[in-house]
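# Tertiary structure, described
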Amino acid sequence: MGQKGSAGVVRVIGQEADRAARLLHRAREARLAGERAAVAPRAEIDASWDRVARSGIDPGQSPESELLRAEEIEHRRHSTVLGEVMPVLRAGLASIADAAQQIMVVTDAEGRVLWRQGNSAVMHRAHDICLEEGAAWAEAATGTNAIGTALAARAPIQVHSAEHFIRALHNWTCAAAPVRDPRDGRLVGIVDISGPATTFHPATLALVDSVARLAEAEIRTRHLGAIERLRAVAAPILCRLEGRALAVDSHGWLAAVTGMPPVDRLPLPKSLRPGRVWLPSLGMCRVEPLPGGWLVQVADGAAEGAPRRVVLDLSRPRALAVHLVGPLGTSTQRLSPRHAELLYALAMHREGRTASELAQDIFGDGTRTVTVRAEVSRLRRHLAEVLAHRPYRFGDGVEVEVVHPEHPADLLPRSKAPVVTGARRGPAPC
């Protein structure tokens, strides 16, 4: 049923979905008119409406978009791991969608529809709202909807009736969940069930999310099989080699190793080519292709390609990264917010910091040294060639540059670390 919480938030639950839709419609119209509404949508819908309104989407516009050409759709289908797990998705959702007078929709990471299947009558109705293969369903194209909002929030979501920003979608209900590639955590697409608003059911979201998790499990199982095949090829080669060497797949996951402790995953540059390559966690290496992966031999003692410059890029909160620049090129590592805080603190204190000082910088509590040491240890797995310790610091001779956001207030906006909050209050350091 539709319910209002203590804060006047409308939630769509069970059999009173029509009443909830009417309340949401009034809340939405008040928002568009700039008026204060007696009720509010759920927090995730409210956040989506804000994003969509800022993007300039017209609530009265048509959901139509320019469709991808057939050859482009086929190219995208063959370029995504989702194609490999479509049998799992069809088995889990397509027949249920058909019986429930809905359709299953699968998109890529840009929100472009690559597959759809389900009730034939609903497939025909979906043509009227451009929910067809090749259409764009990201929020920037079609406003608040389950596909686009799941992409933006990176989380499962159900969007019903007037929760859609565009009025033309108010007769529809949809539930969507993201699918991530377990090999690298990258979001690869969205699985969705959509249908007329009268087909709303509160359990649909749980079903879609469960099937998305099954698809991820299938990708993981296929990956383990590929690792085993790579190990069978690499093991005899490694037995004949001297020194340190390892075989990894194209995502850096370990298949076999000799002469060094095993690692779960070796960070690899985005574009890896055969030959001499500087890898931050190992130093200078020689890389050769293997069926399904790479043979990496560590060139012990070779330091001529070591990075000489570090660029800490904090300009985009959702794309925190550190770039290591050396004679052989540039390698990039994505950063978690915590690791970005630590590197920022070290960049602001080139003379170095003790564990206690870093704990004060990050937590405002100098006693939290165990946590700091653990996090720095994780950082050094990938940045050992530029990070020194006793005290913790960037290595001698390493040039460090910090790329700040345009406005100081946008520096790691969710961080509560004293070293960051203090920097937000003043001009960004040069």
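For the rest of this paragraph, the subject is the overall build of the protein. When helices and strands are counted, the protein shows 12 helices and 18 strands. Considered along the principal axes of its C-alpha atoms, the protein spans approximately 70 × 55 × 35 Å. By residue count, 48% of the 430 residues in the protein fall in the buried class. Taking all contacts inside the protein whose residues are at least 6 apart in sequence as the whole, residues at least 24 apart take part in 54%. Entry remark: accessible area of the protein is about 20900 Å², with carbon and sulfur atoms responsible for 50%. Computing the positive centroid from 54 side-chain charges and the negative centroid from 48, the protein places the two 4 Å apart.

With that settled, the discussion passes to the nonpolar core. In this structure, L314, L343 and Y344 are the most contacted members of the largest nonpolar core, which totals 34 residues. For this core, the secondary-structure elements that each account for two or more residues are β13 (309–313), β14 (321–326), α9 (337–348), α10 (355–363), α11 (369–383) and α12 (418–424). A total of 7 residues in this core trace back to one element, the largest contributor, which is α9. Not counting the four nearest positions on each side in its chain, L314 is found in contact with L320, A340, Y344, V402, V403, P405, L411 and L412.

The subject of this paragraph is the environment of A355. Structurally, A355 can be placed in helix α10. Classification of A355 as buried rests on a relative accessible area of 7%. Taking C-alpha positions, A355 is 57 Å from A70, a pair spaced 285 residues apart along the chain. Setting aside chain neighbours within four positions, we find A355 in contact with T369, V372, R373 and Y392.

With that out of the way, let us pick up the environment of L279. Locating L279 in the fold gives a position in strand β10 (residues 275–279). For L279, a relative accessible area of 1% corresponds to the buried category. If near-sequence neighbours (up to four positions away) are discounted, L279 is found in contact with L266, P267, P269, C285 and V296.

Evaluated as defined, the whole model comprises 22 salt bridges. A salt bridge links R222 to E218; the shortest N-O distance between them is 3.0 Å. One end of the pair, R222, and the other, E218, are both in helix α8 (residues 204–239), 4 residues apart, so they sit about a helical turn from each other. Given the relative accessible area of 25%, E218 is considered partly exposed. Across the pair R309 and E401 runs a salt bridge whose closest N-O atoms are separated by 2.3 Å. Linking R309 in strand β13 with E401 in strand β18 (residues 399–403), this pair joins segments that are 92 residues apart in sequence. Accessibility expressed as a relative area gives 30% for E401, which makes it partly exposed.

Next up on the list: empty space enclosed by the protein. A full pass over the atoms with the stated rule returns 1 cavity of 30 Å³ or more. Space inside the largest cavity adds up to approximately 70 Å³. Among the secondary structure elements, those contributing two or more residues to the lining of the largest cavity are α7 (146–153), β6 (172–180) and β7 (187–196). The element that contributes the greatest number of residues to the lining of the largest cavity is β6, accounting for 3 residues. Tallied by class, residues from the lining of the largest cavity come to 8 nonpolar, 4 polar and 1 charged.

Remark: helix α4 (residues 86–99) packs on α8, axes separated minimally by 8 Å, with the N-to-C direction vectors making an angle of 165°. On the basis of the axis angle, α4 is roughly antiparallel to α8. Crossing handedness for the pair α4 and α8: right-handed. Residues V88, L89, G92, L93 and I96 of α4 form the contact with α8, whose participating residues are L207, V208, V211, L214, A215 and E218. The residue inventory of the contact of α4 with α8, partitioned by class, reads 9 nonpolar, 1 polar and 1 charged.

Before going further, it helps to examine helix α2 (residues 43–55). Owing to its 3.6 residues per turn, the α-helix brings residues three or four apart onto one side. The first and last C-alpha atoms of α2 sit 19 Å apart over 13 residues, in line with the 18 Å expected at 1.5 Å per residue. Residues of α2 that are buried include every one of I45, S48, W49 and V52, and no others. When α2 is viewed along its axis, its buried side chains cluster within an angular range of 105° and face the same direction. Along α2, exposed side chains directed more than 90 degrees from the buried face belong to A43 and R54. Positive backbone phi, at 90°, marks G56, one or two positions downstream of α2.

Looking at the element boundaries, H223 is found in helix α8. Residue H223 is classed as buried on the basis of its relative accessible area, which comes to 11%. When neighbours within four sequence positions are excluded, H223 is seen to be in contact with R183, D249 and W253.

On average, residues of the protein score 88 in pLDDT, and 90% of them are at 70 or above. Low pLDDT, under 50, characterises residues 1–7; the stretch is placed with 21 contacts to residues that sit more than four places away or in other chains.

Calculation criteria
- Residues numbered from 1 in each chain as written.
- Predicted model: local features only at pLDDT ≥ 70, side-chain atom pairs only at ≥ 80, totals over all residues.
- Heavy atoms only, no water.
- Helix = DSSP H or I, 4+ residues; strand = E, 2+ residues; numbered from the N terminus.
- Buried < 20%, exposed > 50% of the residue type's maximum accessible area, 1.4 Å probe, protein only.
- Contact = heavy atoms within 4.5 Å.
- Areas by Shrake-Rupley, 256 points an atom, 1.4 Å probe, with all protein chains shown as cover.
- Lys, Arg positive; Asp, Glu negative; His and termini not counted.
- Charge placed at Lys NZ, Arg CZ, Asp CG, Glu CD.
- Core = buried A, V, L, I, M, F, W, Y, C linked by side-chain atoms within 4.5 Å.
- Salt bridge = Lys/Arg side-chain N within 4 Å of Asp/Glu carboxyl O.
- 1 Å grid on protein atoms, 1.4 Å probe; cavity = no way out; pocket = protein on both sides within 12 Å on 5 of 7 lines; lining within 4 Å.
- Points joined across faces, edges and corners; volume = space filled by probe spheres on them.
- Nonpolar A, V, L, I, M, F, W, Y, C, P; charged D, E, K, R; others polar.
- Axes fitted to C-alpha atoms, helices over the stretch in contact; angles between N-to-C directions.
- Parallel < 35°, antiparallel > 145°, perpendicular 65-115°, else oblique.
- Left-handed = near helix turned anticlockwise from the far one by under 90°.
- Expected span 1.5 Å × (residues − 1).
- Arc of directions from axis to C-beta.
- pLDDT = per-residue confidence, 0-100.

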